[in-house]
Amino acid sequence: MIFRQLFDKISSTYTYLIASAAGREALIIDPVLENVEQYIKLLKELDLKLVKVIDSHIHADHISGIAELRDKTNCVTVMGDKTPADVVAMRVADEETIKIDGIDLKALYTPGHTSESFSFLMKDRVFTGDTLLIRGTGRTDFQNGDPRDSYNSIFNKLLKLPEATLVYPAHDYKGEMVSTIGEEKYFNPRLQVRSAEEYIDIMNNLNLPDPKMMDVAVPSNLNLGIDFNRQKVNNGIEPEEFNKIKKDPDSVLIDLREDIEIEKEGKLKNSIIIPFPKINEYIDKNKDMLKSKKILFYCAHGHRSTLAVQISKSYNYSNCYHLIGGLKNWKKEGLEL
Ligand SMILES: [Fe+2]
């Protein structure tokens, strides 16, 4: 396995690059916008294909690099399903697994620092975002933070992991890089409390100033998605019209989502499933057949399908379209699956 812990000096953010050597697929957790070129260079040097990029929560101290990475590498943007805005292509629920070739990350809903914070467990290590820090915990005084949620996420979820589990946080301000669940259980000063009330009392009296970047970073990080305008100019079609075109016998209807999403949300009749990271491979294999067809893409929110149209255009297909707003928009219009 390839594992890199990368550091952003300005915001003291840790970004993680993980890959399984066999498949060359990679994922990145909590990228920082200013360092995107550095990540892309490293991916090239290590001969890796970025497949997924994840934000643990809406950051207040830096602008996320997930949108820039998506636009430069065609990776799938992922967040937990409590995210407050339509910024990502794929949302995962508590206990669901995020997969890339050879690697499974289990999503754990750990609110408290913010209401949408997730942690991610990968075998011997857990990426705790700002929920659990090394000898500290993420502040709970903005972005719907809640000290009681923080207590529950830490004591009833993260500290229940085996004590040897490595802890990799999203930040450290003192140069600490890694800890373990056991170390934090016994030596994290904020966790040496006898009750939730004692912890809440500590968190309510931290009196920290707002992060310098907060007023810029939070609104930016809420708007990292591919908006309907950009979806439209990339051969986007509204649900009603899409419904008509898909009945054309010369059309191929392609669902770009993954199994866990399809199980939860259902799919459109007669669609074939080609998960977005496999789309190049599919087009390569079916070049001749696709030439005479209308290609219709859809996904959850229209992000992946916009990118799929762009990719198809690079193969000189002009007969490709996609569903604006994805299945979410389809359902909003009350159309049948
Ligand atoms: Fe944070």
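Note that residues are indexed from 1 along each chain, following the sequence as it is written. Selection of residues for local features in this predicted model requires a pLDDT of at least 70, selection of side-chain atom pairs for listing and counting requires 80 or more, and totals for whole chains, interfaces and linings are taken over all residues. For the side-chain quantities, the full set of heavy atoms in the structure was used; hydrogens and water were omitted.

Asks: It is not clear to me how the pattern of salt bridges should be interpreted in this structure. Could you clarify?
Replies: Pairing is possible between side chains of opposite charge, provided their charged atoms come close. Criterion for a salt bridge: a side-chain nitrogen of Lys or Arg within 4 Å of a carboxyl oxygen of Asp or Glu. Following the criterion strictly, the structure yields 26 salt bridges and no others. Residue aspartate 94 pairs with lysine 157 through a salt bridge whose shortest N-O separation is 3.1 Å. Taken as a pair, aspartate 94 in the loop between strand 6 (90–92) and strand 7 (97–100) and lysine 157 in the loop between helix 3 (147–156) and strand 13 (166–169) lie far apart in primary sequence, 63 residues in all. A simple rule labels every residue: compare its accessible area, found with a 1.4 Å probe on the protein chains alone, to the largest value its type can have, and call it buried under 20%, exposed over 50%, or partly exposed in between. For aspartate 94, a relative accessible area of 28% gives the class partly exposed. Labels follow the DSSP assignment, with helices taken as runs of H or I lasting at least four residues and strands as runs of E lasting at least two, numbered in each case from the N terminus.

Asks: Help me understand a negative patch on the surface, please; the structure alone is not making it clear to me.
Replies: Nonpolar side chains (Val, Leu, Ile, Met, Phe, Trp, Tyr) are joined into patches within 5 Å and like charges within 9 Å, using only residues with over 30% relative accessible area and no salt bridge. Method for areas: the Shrake-Rupley scheme with a 1.4 Å probe, in which residue coverage is limited to the protein chains shown. Counting rule for charge: Lys and Arg are taken as positive, Asp and Glu as negative, and neither His nor the chain ends is counted. Here the site of a charge means NZ on Lys, CZ on Arg, CG on Asp, or CD on Glu. A contiguous patch of negative charge on the surface is contributed by Glu238, Glu240, Glu241 and Glu333. Of note, glutamate 333 is situated in the segment after helix 13 (326–332).

Asks: What should I look at first to understand the coordination of the iron ion in this one?
Replies: As a benchmark, a tetrahedral metal site with four donors has ideal angles of 109.5 degrees, while an octahedral site with six donors has ideal angles of 90 or 180 degrees. In this structure, His57 (NE2), His113 (NE2) and Asp130 (OD) serve as the protein donors to the iron ion, at separations of 2.1 to 2.3 Å. Site description for the iron ion: donor spacing in sequence, H-x55-H-x16-D. Separated by 17 residues along the polypeptide, histidine 113 in the loop between strand 8 (103–109) and strand 9 (118–122) and aspartate 130 in the loop between strand 10 (125–129) and strand 11 (132–133) bring together distant segments of the chain. Overall, the relative accessible area of 7% leaves aspartate 130 in the buried class. Because no water is among the atoms considered, metal sites can look incomplete, with donors defined as N, O and S atoms within 2.8 Å of the metal, or 3.2 Å for Na, K and Ca.

Asks: Would you mind going over the sheet that holds strand 13 with me for this structure?
Replies: Paired through backbone hydrogen bonds, the strands of a sheet run either parallel or antiparallel to each other. Spatial ordering of the open sheet is given by 7-8-9-10-13-14, a layout of 6 strands whose pairing is mixed. Edge positions in the sheet fall to strand 7 and strand 14 (179–180), since each has one partner strand and no second. By definition, two strands form a pair when at least two bridges between them are found by DSSP. Pairing analysis gives 4 bridges linking strand 10 to strand 13, with the strands arranged parallel. For phenylalanine 127, the partnering residue across the bridge sits in strand 13 and is tyrosine 168.

Asks: In this structure, what is going on with the sheet that holds strand 5 (residues 76–80)? I would like to understand it.
Replies: As summarised here, the arrangement of the 6 strands in space is 1-2-3-4-5-6, forming an open sheet in which the pairing is mixed. The outermost strands of the open sheet, each flanked by one partner alone, are strand 1 (2–8) and strand 6. For this sheet, the mean angle separating the axes of adjacent strands, direction not counted, is 25 degrees. Where strand 2 (residues 13–19) and strand 3 (residues 25–29) come together, 4 bridges link them in antiparallel fashion. Across the sheet, residue isoleucine 18 finds its bridge partner in strand 3, namely leucine 27. An axis is simply a line fitted to the C-alpha atoms; with a helix, the fit covers only the stretch in contact. Between two such axes, the angle follows the N-to-C directions and lies from 0 to 180 degrees.

Asks: Just checking my understanding: could you explain unusual backbone geometry for this structure?
Replies: A negative phi angle is the norm for most residues apart from glycine, just as the trans form is the norm for most peptide bonds. The phi torsion at asparagine 235 lies on the positive side, around 60 degrees, for a residue other than glycine. Within the secondary structure layout, asparagine 235 lies in the loop between helix 7 (228–233) and strand 15 (236–237). In the Ramachandran plot, asparagine 270 falls in the positive-phi region, its phi being about 65 degrees despite a non-glycine side chain. For asparagine 270, the position within the fold is in the loop between helix 9 (259–265) and strand 17 (272–273).

Asks: Explain the side chain of arginine 125 to me, please; I cannot follow it from the model alone.
Replies: Relative to the helices and strands, arginine 125 resides in strand 10. Whenever a nitrogen or oxygen atom comes within 3.5 Å of another N or O atom, the pair is scored as a polar contact, on the condition that within protein one atom can donate a hydrogen and the other can accept it, and that pairs from neighbouring residues in sequence are kept only if both atoms are in side chains. One polar contact links arginine 125 to aspartate 124, side chain to side chain, over a distance of 2.9 Å. Note on contacts: a residue pair qualifies if any of its non-hydrogen atoms lie within 4.5 Å across the two residues. When near neighbours in sequence (up to four residues on either side) are disregarded, arginine 125 contacts Met1, Phe3, Phe120, Thr165, Leu166 and Tyr168.

Asks: Can you help me understand the domain arrangement of the protein chain in this one?
Replies: A common way to report how large an interface is uses the accessible area buried once the components associate. Segment limits for the domains were obtained from an automatic or database-derived domain assignment. The domains assigned to the protein chain are domain 1 (2–222) and domain 2 (228–332). The straight-line distance from the C-alpha centre of domain 1 to that of domain 2 is 31 Å. Between domain 1 and domain 2, the residue contacts involve 19 residues of the former and 15 residues of the latter. Summed over both partners, buried area is the accessible surface (1.4 Å probe) that two parts give up on being assembled. Interface of domain 1 and domain 2: buried area, both sides summed, is about 1,400 Å²; carbon and sulfur atoms make up 49% of it. Sorting the residues of domain 1 by area buried against domain 2 places Asn74, Ala89 and Met90 first, and these three jointly supply 33% of that buried surface. Joining domain 1 to domain 2, the criterion identifies 4 salt bridges. Of all the elements in the fold, those that place two or more residues in the side of domain 1 that touches domain 2 are strand 4 (49–54), helix 2 (66–73) and strand 6. The residue makeup of the side of domain 1 that touches domain 2, split by class, is 9 nonpolar, 2 polar and 8 charged. Amino acid classes used here: Ala, Val, Leu, Ile, Met, Phe, Trp, Tyr, Cys and Pro are nonpolar; Asp, Glu, Lys and Arg are charged; the rest, including Gly, are polar.

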